[in-house]
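Descriptive analysis of the structure
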Amino acid sequence: MAKLNFGGVEENVVTREEFPLVKAQKVLQNEVVAIIGYGVQGPGQALNQRDNGIHVIVGQRRNSKSWDKAVRDGFVPGETLFEIEEALERGTIICYLLSDAAQIQLWPTVKKHLTPGKALYFSHGFGITYNDQTGIVPPAEVDVFLVAPKGSGTSLRRMFLQGRGLNSSYAIFQDATGRAFERVIALGIAIGSGYLFETNFKKEVYSDLTGERGTLMGAIQGLFAAQYEVLRSKGHTPSEAFNETVEELTQSLMPLVAENGMDWMYANCSTTAQRGALDWWKKFRDATLPVFNDLYESVATGKEAAKSIESNSKPDYREKLEAELKELRESELWQAGKTVRSLRPENQDPAAKSENKLHKSTAKQKFSSTLYHD
Ligand SMILES: NC(=O)C1=CN([C@@H]2O[C@H](COP(=O)(O)OP(=O)(O)OC[C@H]3O[C@@H](n4cnc5c(N)ncnc54)[C@H](O)[C@@H]3O)[C@@H](O)[C@H]2O)C=CC1
Ligand SMILES: CC(=O)[C@](C)(O)C(=O)O
Ligand SMILES: [Mg+2]
Ligand SMILES: [Mg+2]
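Counting starts from 1 at the beginning of each chain's written sequence and moves along it residue by residue. Chains carry letters and ligands carry numbers; both start at the beginning, A for chains and 1 for ligands, and go up in the order they are written. At least 70 in pLDDT is required for a residue's local features to be given in this predicted model, at least 80 for side-chain atom pairs to be given and counted, and no such filter applies to totals for whole chains, interfaces and linings, which use all residues. Side-chain metrics rest on all non-hydrogen atoms present in the structure, leaving aside hydrogens and water.

1. Regarding the site of ligand 2
- The environment of ligand 2 is formed by Gly151, Ser152, Asp208, Glu212 and Met217.
- At 3.0 Å from an oxygen atom of ligand 2 is found a side-chain nitrogen or oxygen belonging to Asp208.
- Between an oxygen atom of ligand 2 and a side-chain N or O atom of Glu212, the distance comes to 2.6 Å.
- Residue type decides the class: Asp, Glu, Lys and Arg count as charged, Ala, Val, Leu, Ile, Met, Phe, Trp, Tyr, Cys and Pro as nonpolar, and the leftover types, Gly among them, as polar. Of the residues in the shell around ligand 2, the class split is 1 nonpolar, 2 polar and 2 charged. If even one non-hydrogen atom of a residue comes within 4 Å of a molecule or strand, that residue is called near it. Residues adjacent in sequence count toward polar contacts only when both atoms are side-chain atoms; beyond that, a polar contact is any pair of N or O atoms within 3.5 Å, and within protein one must be able to donate a hydrogen and the other to accept it.

As structure tokens, this is what we get:
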């Protein structure tokens, strides 16, 4: 395991160089990896492992959309696709990839099949950390660990197909066989992680719930909505307000931040933007800091978990969710976004598309020649 320096702090990480795929294949050669649930993470993890030569089977309810999707993805009923219970029986490593609320309902069934020596794998610390609410307490004779890809299952698959790799965290909760470390790392590599960083179940779930409620989804939507509202109330058009709030961020600035960091982006915008952004970022930090503290508190006390279990377990959960998503979808901001996206040249006719490709490659050349260290 390598120790790497992250901004002055040393952490354990496992890279593909030190734990290559051949090693993962060797560790997993006698295992049957059962992916239980074929929603968002299930397909990404199952397909990447299958392409990486791991013996993967899928367990999913028959007569469900996810079952049909697994068939479309090449899993064969009776060979590599089974009803959940049969997959639980056949698997030596159980990847529990149902939604966190559904994991509670199915737990008694899963537990029955956790015979000594098997492993129980999660992609989230939720079920174990909040076990006073979930009732998920594994038997002592099985390994329990997690690999949590830091992104959507969709990105996990896409990046794998592009030869890239989404990074993941890993944690061991219980090492019954003495092989938990090699098993969890082998799985992390086999699902296509770029590298793996160490955590524990509690830290994984606290940071994940904070992140998705915070800057990754909740806070950013809140910031977008507030700025858009101010611009609109001051007489700016929807297209202007949307472009200055979302489009420029996702299309121009965030890709630069992804490549080179916010520090580089600040150093490479206009001096006017620099002055203003340097003056204002701390005000935004100070205004939101108390909200982030409230959020973390709500996560750490189990309130967020309780809320999500409660709402996601209701029979009318899907209808209620749809109504809330509809509000977002039909808001002027995201309706304006739809039009803006449709106007992107790559979303228009094929001629425009190929012209855009050309632009992209010249832009890339130009961009790399303006890098600082050049
Ligand atoms: N969605 C994502 O990209 C990410 C998810 N995770 C974690 O991965 C795990 C799986 O999450 P998702 O893929 O989002 O799950 P999901 O919400 O897509 O559900 C997965 C599957 O559960 C099945 N299911 C739902 N209720 C069921 C029930 N009562 N009985 C049997 N099957 C049922 C559905 O058919 C579906 O195929 C969770 O622990 C989640 O926190 C971690 C990182 C990202
Ligand atoms: C994609 C991801 O990792 C999230 C946002 O935490 C989730 O879907 O739970
Ligand atoms: Mg996450
Ligand atoms: Mg999450």
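Anyway, onward from the coordinates.
2. Here's the deal with the sheet that holds strand E1 (residues 2-6)
- On the basis of which strands lie adjacent, the open sheet formed by 10 strands has the order E1-E2-E10-E9-E8-E7-E6-E3-E4-E5 and mixed pairing. The open sheet has two free edges, formed respectively by E1 and strand E5 (81-82), since each of these has just one partner strand.
- Pairing of strand E8 (residues 143-149) with strand E9 (residues 166-174) involves 6 bridges; the strand directions are antiparallel. By the bridge assignment for E9, Val144 is matched with Gln174.
- Packing against the sheet, helix H9 (residues 180-190) makes contact with strand E2 (9-15), strand E3 (33-36), strand E6 (93-96), strand E7 (119-122), E8, E9 and strand E10 (193-198), and its axis sits at approximately 25° to E8. Here, strands pair whenever DSSP counts at least two bridges between them. The numbering of helices and of strands both runs from the N terminus, where a helix is a DSSP run of H or I of at least 4 residues and a strand a run of E of at least 2. The contact criterion used throughout is that any non-hydrogen atoms of two residues lie within 4.5 Å. Simply put, an axis is a line fit to the C-alpha atoms, just over the touching stretch for a helix, and the angle between two N-to-C directions goes from 0 to 180 degrees.

3. Describing the UniProt feature "domain: KARI C-terminal knotted" (unreviewed entry) in the chain
- Mapped onto this numbering, the UniProt entry gives "domain: KARI C-terminal knotted" (unreviewed entry) at residues 200-347.
- Between the end C-alpha atoms of residues 200-347 there is a gap of 42 Å, over a span that is 83% helix and 0% strand. UniProt positions are given in the numbering used here, feature names are shortened, and annotations may be inferred rather than shown by experiment.

4. Some remarks on the site of ligand 1
- Gln41, Gln60, Ser66, Asp100 and His124 are the nearest of the 22 residues found near ligand 1.
- Here a nitrogen atom of ligand 1 sits 3.0 Å away from a polar atom, N or O, in the side chain of Gln105.
- The contact in question runs from an oxygen atom of ligand 1 to an N or O atom on the backbone of Gly153, over 3.0 Å.
- Starting from 830 Å² of accessible surface for ligand 1 in isolation, the protein chains cover 78%.
- When residues of the shell around ligand 1 are assigned to their parent elements, the largest contribution, 4 residues, is made by helix H5 (residues 100-112).
- For the shell around ligand 1, the class distribution of residues is 7 nonpolar, 13 polar and 2 charged. The accessible surface values rely on the Shrake-Rupley method and a 1.4 Å probe; as for residues, cover is taken only from the protein chains in view.

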